[in-house]
Amino acid sequence: MFHKNHAEPSGARGQSSAREGRLASFRPSRWRAPKELLLGYGLQLSATISILVSFGILFVLVKESLPFFELVSPWDFFTGANWSPLLEPRSFGILPLIGGTLVVTGVATLVVIPVGSLTGIFLSEYASKRSRKIFKPVLEVLAGVPTVVYGYFAITVVTPALRTVLPDLGVYNALSAGLVVAIMIIPTVASLSDDAMRSVPNSLREAAYGLGATQREVSLGVVFPSALSGILAAYVLAIGRALGETMIVTMAAGATPQLTLDPTESVQTMTGYIVQVSLGDTPVGTPEYLSIFAVGLTLFVLTLGINLFSFWIRHRYRQAYS
Amino acid sequence: MTSSEPHSVVLAAENVSIYYGDTAAVRDVSFDVLKHEVLAIIGPSGCGKSTMLRSFNRMNDFISDCHVDGSITFLGDDINDSNLDPVSLRQRIGMVFQRPNPFAKSIRANITWAPKMAGFTGDYEELVERTLNEAALWDEVKDKLDKSALSLSGGQQQRLCIARSLAMSPEVILMDEPCSALDPIATGRIEDLMDALKENYTVAVVTHNLQQAGRIADRTAFMYQGELIEVGATSSLFTQPKHQKTEDYITGRFG
Amino acid sequence: MKRSELFPDMLEKRHKRDRLFYSLTVGALWIGVVALFVLIAGVLWEGLPWLDWNFLQEFPSRKPEKAGFKAAFWGSIWVIALTTMFTVPIGVAGAIYLEEYSANNRFHKVIELLIANLAGVPSIIYGMLGLIVFVRMFQETTDPHTFFGIQVPFGRSVLAGALTLSLLVLPVLTITSREALRAVPDSLRQAAFGLGATRWQCTRYHVLPAAAPGIMTGVVLAISRALGETAPLIMMGALTYVAFTPSSVYDSFTVMPIQIFNWASRPQTDFHNVAAAGIIVLLAVLLSMNALVVVLRNRAEKRRL
């Protein structure tokens, strides 16, 4: 029937103890079979929902995008550098949206990789038991803050603060959004790299210390490289989250689709555009309306690629120790 | 094996007691490790021999509630002195562990990593070749120095660990049951190694294998339940032990 | 060559670098801590003055002084209650199947991969899925008509919102439940089998109670996540100006994060402060949920002893 991960003696079916004899309610094994079978299939159904949803997403995105791609050629869409869905002359080149997404993600990545990794190294190699007990929950709280609250934080605290240092900074800019996205992701990177480094066996640390190395040298030279596959996967996961982030960028990055590398400018991300259209009164069936599905499809493919890349990294760089 | 030339004292333990919290793992132990000898420390499980060995290069520092009473000196200097940097101590007293623990790096990088951290100014290729030769591993790996150390067999990995510790040019090499995870052939190769190493280094080996001590050690120390029962030339310790406990252990009455 | 020539004394420099590095790691830690602190302090500073009982009793208004959180608060409660009802059975059941019943075969691995991928899909994509599948149910308009007694399509309703969030949160819940199940030692299962239990009996009476604290934590984390989600519900049409609380699952609705977003997007600073008040309420709800789970976990663990 069903095979399991955990060892089970074959043919194990519950039967009342012989000690209870004829007085016990003795159900013949045939009675149990349908119930067990039903349960098994019921559970299997729950697991197959994941298949349904995965294909559902793909199906919906593709189906709703098809009418769009009849109006706008895929080539123009994916290579066009002008995104102007409402203003004449209308143009549906997605590159500015992708660019906006990449600028925000780029800022976030540049911040979260050093900060998150160093935090993880502290937790794994330097923190006392007491420190861990205090700081791990703090990081969990940081991870649990809703993104709309982070968006609020970005526009009421971060942007004004940055503008005192950089007076040319616009009210909407990619820098604020990127920094706050980084703060949101720090716990993820810190936690995952902490886990990865803690699973490096202590025998390696002993060997390194035994050779007359300092704590920094051991942490950076032996532990960190040994945990690399888990740490890299954490980085890629963080990048994926930054790519898909919606509320912080909607509130803080702006709604100006432009292709630029300058984070002090206002940009629009793919997610920001989708929200903008959803909030508006765009009638169903118009090109602007249909464009959100095409953008959504692009976003989905991008994050899917990142996720698969993360799995590949874990697989490829799997050291004996991780 | 024994030489009639008097050897100077390299490591001296005097009235050493080592506590984990309130429990004493080592009680009032005193013995010397002499230059260019192989000293074996034997005794049944839990007698404190590993703890004693680790105190020589302050590896017990990493255990939070461990503290050391008494005096341990290395070439006359108190190693537990607060002014002494344990990092520098461990550069001069190396250690090989029970299970081989090579880094997840290439064979070459395993050997060159610590010297590089320490600012080695010599030739790295020469260093790699010399230490691998001293560890009797050169011929087997000379064509694959860039391959991962984890691709080697258990015995090869342990010899790599020995080469790695030799790369720091230590004066003493401590070995904590280095062969217990290895098969007899690999064990034999490492025993041959120990004999060769004593020419340039001083070696202290903890072992639970009596025959091994008999084969490799110039002097042997016997510990039991945290105390040093007897220490002396291996041949006399084995054939004419001074204490009853030693004789019982040697003849296999316990342990 | 003498040892002192081969190994120059670099100890001072190495230790100095060690101290610098340590400061960097501590500094990195404090970046996150300080950010959290500033965030919460800022929200409290700006929101507390605007937080009073009226705030929870009133509906939103054009005037900041009159703006209330009532619709959003109860909308959230409705949606989250439904979401919990949907996700917990399905998610835990799926985890049980994957962990206790399924073999390590290809099918199993595919499902694992799919679930892990789904956990990484941006929430707004789930909003699109919800829009087409639940709100519109593949139809062009949302005019309702009944279909076997159920109002179809679901429209921009609490029901559609809950279903959308359920799909969003299901992968994460399944993963954390699996980890909780995996943490139960095998010896427990083998003891049960040794006494003649069926797989279901073993799971129901032995494994589940042991994994309960971990599963509960996972459930609360998932529900907390759903509570804070904005984008998918915006996508599927939760309204931003709602002056009523839902009275049936087919009603339109709004939720706390969307209301907060709406207020925060207005130019007037007073509305920003009202948004802060809303954030305080939202965070308070999240905090109490997390506190509840800590209490439940402690009780469950005490009972096992």
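Residues numbered from 1 in each chain as written. Chains lettered and ligands numbered in written order. Predicted model: local features only at pLDDT ≥ 70, side-chain atom pairs only at ≥ 80, totals over all residues.

Peer 1: How should I be thinking about the overall build of chain A in this particular structure?
Peer 2: Counting secondary structure elements, chain A contains 12 helices and two strands. The order of helices and strands in chain A, counted from the N terminus, is α-α-β-β-α-α-α-α-α-α-α-α-α-α. Within chain A, the fraction of its 322 residues that count as buried is 49%. At a minimum sequence separation of 6, the contacts of chain A that also span at least 24 residues come to 73%. (Helix = DSSP H or I, 4+ residues; strand = E, 2+ residues; numbered from the N terminus. Buried ≥ 20, exposed ≤ 12 C-beta atoms within 10 Å, placed from the backbone. Contact = placed C-beta atoms within 7 Å.)

Peer 1: Got a minute to help me understand the overall build of chain B in this structure?
Peer 2: Across its full length, chain B holds 10 helices and 10 strands. Judged by the C-alpha coordinates and their principal axes, chain B covers about 55 × 40 × 35 Å. Long-range pairs, those at least 24 residues apart, make up 68% of the contacts in chain B between residues at least 6 apart in sequence.

Peer 1: Looking at this structure, I do not really get the interface of chain C and chain A. What am I missing?
Peer 2: One frequently used descriptor of interface size is the decrease in accessible area upon assembly of the parts. If you look at the interface, chain C gives 75 residues, while chain A gives 77 residues. For the side of chain C that touches chain A, the element with the most residues is helix α2 (residues 11–47) of chain C, which contributes 19 residues. For the side of chain C that touches chain A, the class distribution of residues is 48 nonpolar, 18 polar and nine charged. (Nonpolar A, V, L, I, M, F, W, Y, C, P; charged D, E, K, R; others polar.)

Peer 1: For this particular structure, what's the right way to read the pairing of strand β3 (residues 38–42) of chain B?
Peer 2: The side chains of a regular strand alternate, first on one face of the sheet and then on the other. All names here are of chain B. Most of β3 is tucked away, with five of its five residues classed as buried. Both faces of β3 are covered, namely the face carrying Val38, Ala40 and Ile42 and the face carrying Leu39 and Ile41. Where β3 lies against strand β8 (residues 202–206), four bridges are found, and the strand directions are parallel. The residue bridging Leu39 from the neighbouring strand is Ala204, located in β8. By the bridge criterion, four bridges tie β3 to strand β9 (residues 219–224) in an arrangement that is parallel. Bridge assignment links Ala40 to a residue of β9, and that residue is Thr220. (Pairing = 2+ DSSP bridges.)

Peer 1: Explanation requested: the interface of chain A and chain B in the structure shown.
Peer 2: Counting residues at the interface gives 18 residues for chain A and 22 residues for chain B. Counting residues per element, the ones that place at least two in the side of chain A that touches chain B are α7 (202–210) and α8 (215–226) of chain A. The element contributing the most residues to the side of chain A that touches chain B is α7 of chain A, with six residues. In the side of chain A that touches chain B, the residues fall into nine nonpolar, seven polar and two charged.

Peer 1: Help me understand the confidence of the model for chain B, please; the structure alone is not making it clear to me.
Peer 2: Regions with low pLDDT carry predicted coordinates that are not meant to be interpreted in detail. This prediction gives chain B a mean pLDDT of 92; 97% of its residues lie at or above 70. Here the complex is predicted with pTM 0.88, and the ipTM for its interfaces comes to 0.93. (pLDDT = per-residue confidence, 0-100.)

Peer 1: Got a minute to help me understand the sheet that holds β9 of chain B in this structure?
Peer 2: To summarise the sheet geometry, strands pair through backbone hydrogen bonds and adopt either a parallel or an antiparallel arrangement. All names here are of chain B. Read from one edge of the open sheet, six strands run β6-β7-β8-β3-β9-β10, paired in mixed fashion. Edge positions in the sheet fall to β6 (93–96) and β10 (227–233), since each has one partner strand and no second. On average, adjacent strands in this sheet sit at an angle of 15° to one another, irrespective of strand direction. Pairing of β6 with strand β7 (residues 172–176) involves four bridges; the strand directions are parallel. Bridging across to β7, Val96 finds its partner in Met175. (Axes fitted to C-alpha atoms, helices over the stretch in contact; angles between N-to-C directions.)

Peer 1: What exactly am I supposed to notice about helix α4 (residues 70–101) of chain C here?
Peer 2: Note on helix geometry: an α-helix contains 3.6 residues per turn, so any two residues three or four positions apart are oriented the same way. Residues and elements named next belong to chain C. Its 32 residues place the ends of α4 45 Å apart at the C-alpha level, agreeing with the 46 Å of an ideal helix rising 1.5 Å per residue. Along its length, α4 reaches its greatest deviation from straightness, about 30°, at Thr87, and the proline Pro89 lies no more than four positions downstream. Of all 32 residues making up α4, 24 are buried, and the element is well covered by its neighbours. (Expected span 1.5 Å × (residues − 1). Bend = angle between axes of the 7 residues up to and from the residue.)

Peer 1: Teacher, can you tell me more about the sheet that holds strand β2 (residues 23–34) of chain B here?
Peer 2: Residues and elements named next belong to chain B. One open sheet holds the four strands; their spatial order is β2-β1-β4-β5, and the pairing between them is antiparallel. The open sheet has two free edges, formed respectively by β2 and β5 (77–78), since each of these has just one partner strand. One ladder, built from two bridges, connects strand β4 (residues 66–74) with β5; its direction is antiparallel. Residue pairing in the sheet places Phe74 in a bridge with Asp77 of β5.

Peer 1: What's the story with the packing of helix α8 (residues 186–194) of chain C against helix α9 (residues 199–227) of chain C in this structure? I'm lost.
Peer 2: To describe two helices that pack against each other, one gives the angle between their axes and the distance between the axes. Residue and element names in this part refer to chain C. Following both chains from N to C, one finds α8 and α9 inclined at 155°, their axes separated by 10 Å at the closest point. Here α8 lies roughly antiparallel to α9, going by the angle between them. Relative to α9, the crossing made by α8 is right-handed. Here Leu188, Arg189, Ala192 and Phe193 of α8 lie close against α9, whose contacting residues are Cys202, His206, Val207 and Ala210. Here the residues of the contact of α8 with α9 are counted per class, giving six nonpolar, one polar and one charged. (Parallel < 35°, antiparallel > 145°, perpendicular 65-115°, else oblique. Left-handed = near helix turned anticlockwise from the far one by under 90°.)

Peer 1: Hey, could you run me through the packing of α7 of chain A against α8 of chain A in this one?
Peer 2: All names here are of chain A. Two elements in contact, α7 and α8, have axes whose closest approach is 10 Å; the angle formed by their N-to-C orientations is 155°. Judged by the inter-axis angle, α7 sits roughly antiparallel to α8. Like other packed secondary-structure pairs, α7 and α8 cross with a definite hand, here right-handed. Counting all contacts with α7, which are made through Leu204, Arg205, Ala208 and Tyr209, the residues of α8 involved are Val218, Val222, Val223 and Ser226. Residue classes in the contact of α7 with α8 are distributed as six nonpolar, one polar and one charged.

Peer 1: Can you walk me through unusual backbone geometry in this structure?
Peer 2: Both trends apply: most residues other than glycine have a negative phi, and most peptide bonds are in trans. Residues and elements named next belong to chain B. The phi torsion at His36 lies on the positive side, around 60°, for a residue other than glycine. Inspection of the secondary structure assignment puts His36 in the loop between β2 and β3. In this structure, Ala136 is a non-glycine residue whose phi angle is positive, near 55°. Structurally, the position occupied by Ala136 is in the loop between α4 (124–134) and α5 (138–141). Residue classification places Ala136 among the partly exposed residues on the basis of 16 C-beta atoms within 10 Å.

Peer 1: Can you walk me through the confidence of the model for chain A in this structure?
Peer 2: The share of residues in chain A with pLDDT of 70 or more is 85%, and the mean pLDDT across the chain is 84. Scored below 50 in pLDDT, residues 1–31 of chain A shows 31 contacts in the model against residues more than four places distant or in partner chains.

Peer 1: I tried to follow the pairing of β4 of chain B on my own but got confused; where do I start?
Peer 2: All names here are of chain B. Sheet analysis places strand β1 (residues 9–20) next to β4, joined by eight bridges and oriented antiparallel. Residue pairing in the sheet places Ser17 in a bridge with Asp69 of β4. The hairpin formed by β4 and β5 contains two residues between the paired strands, and Leu75 there has a positive phi angle of roughly 50°.

Peer 1: Help me out: how do you make sense of the environment of Leu297 of chain A in this one?
Peer 2: Residues and elements named next belong to chain A. Here Leu297 is to be found in helix α12 (residues 287–316). Leu297 gets classed as buried once you count the C-beta atoms within 10 Å, which come to 21. On a C-alpha basis, the gap between Leu297 and Val180 in space is 26 Å, while along the polypeptide they are 117 residues apart. Residue contacts for Leu297: discarding those within four places in its chain leaves Leu61, Val62 and Ser65.

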